[in-house]
Amino acid sequence: MVMSTYIVLLVVCGMSIAKEKEAGTMEKLIASPATPKEILLGKTLPYLMIGAGIITFIFCIGVFGFGTPFRGYVWQLVITGALLACAALATATLLSVIAKTQQQAMMASVLVLMPSILLSGVFFPVSNIPLQFRWMCYFNPMMYCITNFRDIMLKGGAGAIFWQNSLLAALLCFILAAFAYKNFKSTLN
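As the structure is a computational prediction, the values presented were derived from the model and not from experiment.

A few points about the overall build of the protein
And step 1. Across its full length, the protein holds eight helices and zero strands.
And step 2. Starting at the N terminus and walking to the C terminus, you meet the elements of the protein as α-α-α-α-α-α-α-α.
And step 3. Principal-axis analysis of the C-alpha atoms gives the protein an extent of 50 × 40 × 25 Å.
And step 4. Taking all 189 residues of the protein together, 42% fall into the buried category.
And step 5. In the protein, the share of contacts with a sequence separation of at least 24, taken over all contacts with a separation of at least 6, comes to 78%.
And step 6. Across the protein, 12 positive and 5 negative side-chain charges occur, with their mean positions spaced 9 Å apart.

Digging into the layout of surface pockets
And step 1. Each pocket or cavity is described by its volume, and for the largest pocket that value is around 350 Å³.
And step 2. Leu40, Leu41, Thr44, Ala90 and Ala177 are, among the 15 residues lining the largest pocket, the residues nearest its centre.
And step 3. Elements with a contribution of two residues or more to the lining of the largest pocket: helix 3 (36-65), helix 4 (74-98) and helix 8 (159-188).
And step 4. If one sorts the elements of the lining of the largest pocket by residue count, helix 3 sits on top with six residues.
And step 5. Taken together, the residues of the lining of the largest pocket break down into twelve nonpolar, two polar and one charged.

Quick notes on the packing of aromatic side chains
And step 1. Within the structure shown, the criterion is met by six aromatic pairs.
And step 2. Centre to centre, the rings of Tyr73 and Trp75 are 6.2 Å apart; their planes meet at 25°, and the pair counts as stacked.
And step 3. Three or more aromatic residues link up through ring pairs in this structure, and these residues are Tyr73, Trp75, Phe162 and Trp163.

Remarks on the packing of helix 1 (residues 2-23) against helix 5 (residues 102-118)
And step 1. Where helix 1 meets helix 5, the closest approach of the two axes is 8 Å, and the angle between their N-to-C directions is 160°. Relative to helix 5, the element helix 1 lies roughly antiparallel. Our pair here, helix 1 against helix 5, has a crossing hand that is right-handed. Residues Met3, Tyr6, Ile7, Leu10, Val11, Gly14, Met15, Ala18, Lys19 and Glu22 of helix 1 lie in contact with helix 5, whose contacting residues are Gln102, Gln103, Ala105, Met106, Ser109, Val112, Leu113, Ser116 and Ile117.
And step 2. Broken down by class, the residue content of the contact of helix 1 with helix 5 amounts to twelve nonpolar, five polar and two charged.

Rules behind the numbers
Residues numbered from 1 in each chain as written. Predicted model: local features only at pLDDT ≥ 70, side-chain atom pairs only at ≥ 80, totals over all residues. Heavy atoms only, no water. Helix = DSSP H or I, 4+ residues; strand = E, 2+ residues; numbered from the N terminus. Buried < 20%, exposed > 50% of the residue type's maximum accessible area, 1.4 Å probe, protein only. Contact = heavy atoms within 4.5 Å. Lys, Arg positive; Asp, Glu negative; His and termini not counted. Charge placed at Lys NZ, Arg CZ, Asp CG, Glu CD. 1 Å grid on protein atoms, 1.4 Å probe; cavity = no way out; pocket = protein on both sides within 12 Å on 5 of 7 lines; lining within 4 Å. Points joined across faces, edges and corners; volume = space filled by probe spheres on them. Nonpolar A, V, L, I, M, F, W, Y, C, P; charged D, E, K, R; others polar. Phe/Tyr/Trp six-rings, centres within 6.5 Å; stacked < 30°, edge-to-face > 60°. Axes fitted to C-alpha atoms, helices over the stretch in contact; angles between N-to-C directions. Parallel < 35°, antiparallel > 145°, perpendicular 65-115°, else oblique. Left-handed = near helix turned anticlockwise from the far one by under 90°.

Have a look at this one:
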């Protein structure tokens, strides 16, 4: 769930915003009476819905098709999915605002994806990552979402673990979104 959602949202959203800049339609949006917040929300909210659809689809296939256990609460799954999608969209927006062309946004997405996946704990536990690289894991919102999804699906979603991971993922989402907004706003001036 986490990898497919993160990959699709990061690449597609990043490329679409960069394409708007490259094609010159972003200038038309900037000239409109819409504020930068409204422009960014309008560009990212559709992808948030796509992310929710991907998570729902993979969850249904896993639980009903493959018999994956689900011992947690749906509301925990929704919160974690929303945090994951927001982190991917904030990262994609930041990359696309910095990139000048669609190709640059694509390459930046690939460069961000590989370390994000490898340092998230999806293939091997974070505790097995060497100490000199482990500190980078804690700046990866994907790690917190993976921990939450595993805990919700397999163990029932313990309250303390869920809220700790959710708050840290939300903090990282907020920081990424703030950087993206600041860089987007500075390109307007």
